[in-house]
Amino acid sequence: MLYRVMDKSQLPALVRGFMESYEVVAPVKRGERYVFDTVDSPDQIALDYPQTASSAKKYLFPPVEAMMRFDARANLVQDFVQEVKPRVIFGAHACDISGFNRLDLALAQGKYTDPYYAARRAATLVVGISCMPTDTCFCQLMGADEVQFGYDLFLYDIGDKYLVSMSSVEATNILEACCEIAEATDDDRRAFRLATRRHQAAFNPDIPHVEDVPMLMDVFHFDPFWDELGGRCLSCSACASVCPTCYCFDIRDVLQEDSDAGVRERTWDACTSPDFALVAGGHNFRPTGRDRVRHRMYHKLNGFMVNHDRMLCTGCGRCVAACKADIDPIQVLRFFDEKGARDDR
Amino acid sequence: MGAFSMITDNPRPRPRVVVVGLASCFGCQLQITNSEPHLMELLDQIDLEYWQLVTSEDMPDAYDVAIIEGSVTTRESEDLVRRVREKAAHVMAIGACAVTGGVTGMAENALARRVGEVYGDAVPEACGQMIEPRPVDAVITVDSRVYCCPIDARDFATQLQRVLFGSNAVREERALCADCKRNENDCFFNQGELCMGLVTRAGCNARCVNRGRPCFGCAGLSSAANLDSTRQACERYGVPAARFDKALQMFSQVPLSQAGRQGDDEPVAGTAVGKGAR
Ligand code: SF4
Ligand code: SF4
Ligand code: SF4
Ligand code: SF4
Ligand code: SF4
């Protein structure tokens, strides 16, 4: 990977450089929270955000997306040509880039490519930014605190400068055209190492590392813990809405008012919703909160691992804030940590 | 459903439709007119034989679809909806009053006392024979529903289309917060404020929270509503559970007491209390 350094004062020039040919979306402050939104000036960007309430997934996999149009009178289907805006997601943390990479495994690199997702992903540049963990961040436990690929530029904050990892020609060209960049000096490298160490030391020590959690989940599949955890689920699916790696969707047909034509669209759905597992004939194979929450946690901490050799959870901590019933992967880690401690006695 | 299919027939058969108003503010009937740019397109697909809001004529004798707004609050309206049920192939309840009892349902608890407070001994004849307010489906079978107070015009159009063409679409039963989070609203609980989204049926796209006001629960309880856990969640965020229970009365008094529980003075016990309405 190629590295250069740039002075922090050049950041606005870099953003403006991207703006010439891309829509730029970046973290902005809205009320008490941070969200990814379109910006038209570098001043709007809040690059030092702790975490956004929802992830930038919405730019690759929108909450509602048209898949095709149909003419109900003629019974005709019209191919849907999707316009994809060339876009830069500016200021994504490592966990979110890692989230994109995990979405890629499911949607772009699997046996069946999702053309809608793949088109957006291909048209989107990603500029990463280093971060300081919040109290609810546990990306280091989920292998998502560092990313080696999946971005175009990554800016590591090393004081007055950024150490910039350059990973695509497209973005490097813009960087070189708009900013003065230099080779890293020994001082820069030292600053980088110190910053990395500070970052690693800042994780909340109360979130336990449980090495073998996927296996433990299999062994304790019927533990009463799941009744307790899932029993308090409110069936609201807020968790999946904010999650950077939930990719489930429903498909529905929407007729325009005159009923002559309509759109088939897909919309986010989630395994925590009560009728997610409702099938023809009226059978629901995950009828209770316990079944649904357990399934969610299995997909995040066990099932994806089995298929793709990494967790689906990136440890971003968003569901910790979104879930009003105190249900999140940290609770699962704590349970197995405490159970381990009990059993050792 | 699907009484009036199908798609490719041209011209389409136009079902005869009546719109009936019971105890309500008539706001939901008014919402239909708020489909403005599309109102004629909708009306083109039906034979609107009677619309209580805009006529003083009597209801016709024969029709296919009856759209009922408002709750049943008198013996007279009880008889009316029974007669409607006999004639209509499809009955659609629109708005919170018709679907859950809505705001009128708050009077369900201790009706006699409330009547006394308002009228004393002299109940006007126009009141009819009052009974505890109840949703339409407490009296007759209802085939489809449009939720909320007031209804959303687009949602109404969608439900009407489902009656016209048939549909096997499943109505979502989950609570509202997923929509709210999609819209990236800040949660009221983070400010220690009560919001009924935790137990309210999704479908409105969290339109109140999007505009900066907590959800009052007008879509009614999700059939998966978890009341006990919600009370605990309230307390965790500094909202007394009693306030939540009080707030439940505004749109869910009748369903809760129908479920054999008291929604007024004592807290409501139990978890899943939704009526499984679908
Ligand atoms: S786990 Fe939490 S956020 Fe997710 S559906 Fe259940 S209550 Fe809602
Ligand atoms: S499960 Fe929660 S912590 Fe994990 S990636 Fe999703 S939102 Fe983040
Ligand atoms: S956790 Fe549930 S909603 Fe999220 S991707 Fe997995 S199955 Fe889908
Ligand atoms: S504001 Fe209301 S609807 Fe939104 S997440 Fe909070 S409780 Fe749910
Ligand atoms: S947010 Fe709540 S009160 Fe507002 S329309 Fe939706 S269900 Fe009704």
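Notes on the structure follow. Model, not experiment: these values are computed from the prediction.

Another point: the overall build of chain B. Looking only at helices and strands, chain B has ten helices and seven strands in total. The buried share of chain B, taken over its 278 residues, is 53%. Sequence separation of 24 or more characterises 73% of the internal contacts of chain B that already satisfy a separation of 6 or more. Carbon and sulfur atoms make up 49% of the accessible area of chain B, which amounts to about 12,100 Å² in all.

Around ligand 2, the structure places A:Phe138, A:Cys243, A:Pro244, A:Arg296, A:Lys300, A:Cys313, A:Thr314, A:Gly315, A:Cys316, A:Gly317, A:Cys319 and A:Pro329. Taken together, the residues of the shell around ligand 2 sort by class into seven nonpolar, three polar and two charged.

So, on to the packing of aromatic side chains. Residue and element names in this part refer to chain A. Inspection of every chain in the model, using the stated rule, returns 15 aromatic pairs over all chains. On the numbers, 6.3 Å between centres and 70° between planes, the contact of Phe61 with Phe249 is edge-to-face. Here the residue Phe61 occupies a position in the loop between β3 (33–38) and β4 (64–71), and Phe249 occupies one in strand β11 (residues 249–255), the gap between them amounting to 188 residues. Under the relative-accessibility criterion, Phe61 is labelled buried at 1%. Between Trp226 and Tyr298, the aromatic rings sit 5.9 Å apart at their centres with planes inclined by 55°, giving tilted as the arrangement. Here the residue Trp226 occupies a position in helix α7 (residues 225–231), and Tyr298 occupies one in helix α9 (residues 289–308), the gap between them amounting to 72 residues. Each member of the pair Trp226 and Tyr298 is classed as buried. Linked through ring pairs, Phe220, Phe225, Trp226, Tyr298, Phe335 and Phe336 together constitute an aromatic cluster. For the cation-ring pair, Lys8 lies above Tyr162, with the distance from its terminal atom to the ring centre recorded as 5.5 Å.

As a further point, take the packing of helix α1 (residues 11–19) of chain A against helix α4 (residues 169–178) of chain A. Axis angle and axis distance: for two packed helices, these are the angle between their axes and the distance between the axes, and together they describe the pair. All names here are of chain A. Two numbers describe how α1 lies on α4: the axes approach to 9 Å, and their chain directions differ by 125°. The pairing of α1 with α4 is recorded here as oblique in orientation. Between α1 and α4 the crossing geometry is right-handed. Contact residues: Ala13, Leu14, Gly17 and Phe18 in α1; Ala171, Ile174, Leu175 and Cys178 in α4. Across the contact of α1 with α4, the residue classes break down as seven nonpolar, one polar and no charged.

The rules behind the values
Residues numbered from 1 in each chain as written. Chains lettered and ligands numbered in written order. Predicted model: local features only at pLDDT ≥ 70, side-chain atom pairs only at ≥ 80, totals over all residues. Heavy atoms only, no water. Helix = DSSP H or I, 4+ residues; strand = E, 2+ residues; numbered from the N terminus. Buried < 20%, exposed > 50% of the residue type's maximum accessible area, 1.4 Å probe, protein only. Contact = heavy atoms within 4.5 Å. Areas by Shrake-Rupley, 256 points an atom, 1.4 Å probe, with all protein chains shown as cover. Near = heavy atom within 4 Å. Nonpolar A, V, L, I, M, F, W, Y, C, P; charged D, E, K, R; others polar. Phe/Tyr/Trp six-rings, centres within 6.5 Å; stacked < 30°, edge-to-face > 60°. Lys NZ or Arg CZ within 6 Å of the ring centre and 35° of its normal. Axes fitted to C-alpha atoms, helices over the stretch in contact; angles between N-to-C directions. Parallel < 35°, antiparallel > 145°, perpendicular 65-115°, else oblique. Left-handed = near helix turned anticlockwise from the far one by under 90°.

Note that all results are geometric; they support no functional claim without further evidence.
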